[in-house]
Amino acid sequence: MGFNLKVLSLIGRKLPLFEHDILSSDDRLKELVSNGRFLVIGGAGSIGQAVTREIFKRDPKALHIVDISENNMVELVRDIRSTVGYGSGDFRTFALDCGSIEFEALVSTEGPYDYIFNLSALKHVRSESDPFTLMRMIMVNVFNTIMTLRVARKMQASKYFCVSTDKAANPVNMMGASKRIMEMFLMRESLTQDISMSRFANVAFSDGSLLHGFNQRFSKRQPFSAPKDVRRYFLTPQESGELCLLSGLLGENRDIFFPKLSEKLHLISFSEIAIRYLKERGYKPFECETEQEARENCEKLISKKQWPCYFFESDTTGEKDFEEFFTDNEYIDMSRFETIGVIKNQPLYDENKLKIFEEGIFALRRKSSWKKSDIIELYYNLLPEFAHKETGKYLDQRM
């Protein structure tokens, strides 16, 4: 059973989501890719690797990957060479930060590019627990995006694509709100550079995710820990790459692509996936009452082909009760694709509020100490509907 089919089974699905739209659009995708030069930023992350594979297998003229993770980049190249093989175009990777002077030199030397795909992001809700990581989230998710978009505009790129998140729709956590703020800034930038985006749910077994953590816990013979009351939609890594590719190449200016809900895409709890995962590997889940019980009985249970699991009710900051891809006041086109919906945006933004947010963030950065409350205040000024829920508990306090 291939990796993609195995992932589908674990997340409770049988069929891939976007097969119909990929097949019906593939001639156009191949034409655009084969005649294009591509720069993928954040290309060594889970979604970035998936996007890179989708572009590479359609043989672009040039495909350059930028990421700060040198090790993940090595694996990306090995994976492509071991599966797709070699293309006729210029495929290279560069281990550098897109906010650096080295990035500016790279673009100046190797550009221009027809398409820039920005997959770099701080994506974890756990990253909002302190003002320092939260500030970096804002710089990466918002201001690096603006900077790299202006690079695209300067070289007259056909399209700038940036990944958003379902958590940007009616956000309740700082990560989702940072992506919503990014979308607002991009509406302004869209007046001078064509852009498109995508919102989608969790990518199953992506780096750093809870499901990726199952792989780590299993290989290290450690207990599983997962919320039993949090249910989410999941895409496979390949599906995340396909959705980004379709949006980046076929999306019109300001479009945001998202997966349509159907019998193929449904909610499933993390604890249910944990149970499926362990049964797939020949172990019976053994539910423990506490983290301590799970840790203390680990080796004894595993020797009996049982695996200690601690399933709990979620109470951490930033957890959303349900997932949604769009809001009631967004215009949705559900007819263009069979499996994908499109949010059609007008270039609506409040220039004064964007200016206050930008000036406020950079004023804070000039100070010697930062407070999370000051950052949250700037969020609320730009997003008065922001439904942030602070519980005082964070994922780093969990096993």
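Parameters at a glance
- Residues numbered from 1 in each chain as written.
- Predicted model: local features only at pLDDT ≥ 70, side-chain atom pairs only at ≥ 80, totals over all residues.
- Heavy atoms only, no water.
- Axes fitted to C-alpha atoms, helices over the stretch in contact; angles between N-to-C directions.
- Helix = DSSP H or I, 4+ residues; strand = E, 2+ residues; numbered from the N terminus.
- Left-handed = near helix turned anticlockwise from the far one by under 90°.
- Contact = heavy atoms within 4.5 Å.
- Salt bridge = Lys/Arg side-chain N within 4 Å of Asp/Glu carboxyl O.
- Pairing = 2+ DSSP bridges.
- Core = buried A, V, L, I, M, F, W, Y, C linked by side-chain atoms within 4.5 Å.
- Buried < 20%, exposed > 50% of the residue type's maximum accessible area, 1.4 Å probe, protein only.

Caption draft 1: Representation of the packing of helix α3 (residues 46-56) against helix α4 (residues 70-83). As a packed pair, α3 and α4 sit with axes 11 Å apart at the nearest point and diverge in direction by 35°. Here the hand of the crossing between α3 and α4 comes out right-handed. Only Asn72, Leu76, Asp79, Ile80 and Arg81 of α4 make contact with α3, whose side of the interface consists of Gln49, Thr52, Arg53 and Phe56.

Caption draft 2: Representation of the pattern of salt bridges. Applying the stated criterion across every chain, the model contains 23 salt bridges. Put simply, Arg92 and Glu110 hold a salt bridge, and the shortest N to O gap is 2.8 Å. Of this pair, Arg92 sits in strand β3 (residues 90-95) while Glu110 sits in helix α5 (residues 101-110), and the two are 18 residues apart along the sequence. We note a salt bridge from Arg150 to Glu189, for which the minimum N-O separation is 2.9 Å. In this pair, Arg150 is assigned in helix α6 (residues 131-154) and Glu189 in helix α7 (residues 174-189), connecting sequence segments 39 residues apart.

Caption draft 3: Seen up close, the sheet that holds strand β13 (residues 284-287). In spatial order, the strands read β8-β14-β13; together these 3 strands make up an open sheet with parallel pairing. Strand pairing shows two members of the sheet lacking a second neighbour, β8 (224-227) and β13, which therefore form its edges. Neighbouring strand axes in the sheet, compared pairwise and without regard to direction, differ in orientation by 40° on average. Looking at chain direction, β8 and strand β14 (residues 306-312) are connected through 4 bridges and run parallel. Considered in β14, the bridge of Ser225 is made with Tyr310. Where helix α8 (residues 210-219) meets the sheet, it contacts β8 and β14, and its direction lies at approximately 165° from that of β8. Seen against the sheet, helix α10 (residues 270-280) touches β8, β13 and β14 and runs at an angle of roughly 150° to β8.

Caption draft 4: Molecular detail of the sheet that holds strand β15 (residues 331-333). With mixed pairing, the 9 strands of this open sheet are ordered in space as β3-β2-β1-β4-β5-β6-β11-β16-β15. Of all strands in the sheet, those with a lone pairing partner are β3 and β15, marking the two edges. For this sheet, the mean angle separating the axes of adjacent strands, direction not counted, is 20°. Both strand β5 (residues 159-163) and strand β6 (residues 195-198) contribute to a ladder of 4 bridges, which runs parallel. Bridging from a neighbouring strand, Val163 pairs with Ser198 of β6.

Caption draft 5: The arrangement of the nonpolar core in detail. In this structure, Phe117, Phe357 and Tyr379 are the most contacted members of the largest nonpolar core, which totals 95 residues. With 12 residues, α6 is the largest single contributor of residues to this core. Discounting residues that sit within four places of it in the chain, Tyr379 has contacts with Leu134, Ile138, Met174, Ala177, Ser178, Ile181, Phe357 and Phe386. Counting 23 residues, the second largest nonpolar core, distinct from the first, contains Ala226, Val230, Phe234 and Leu278.

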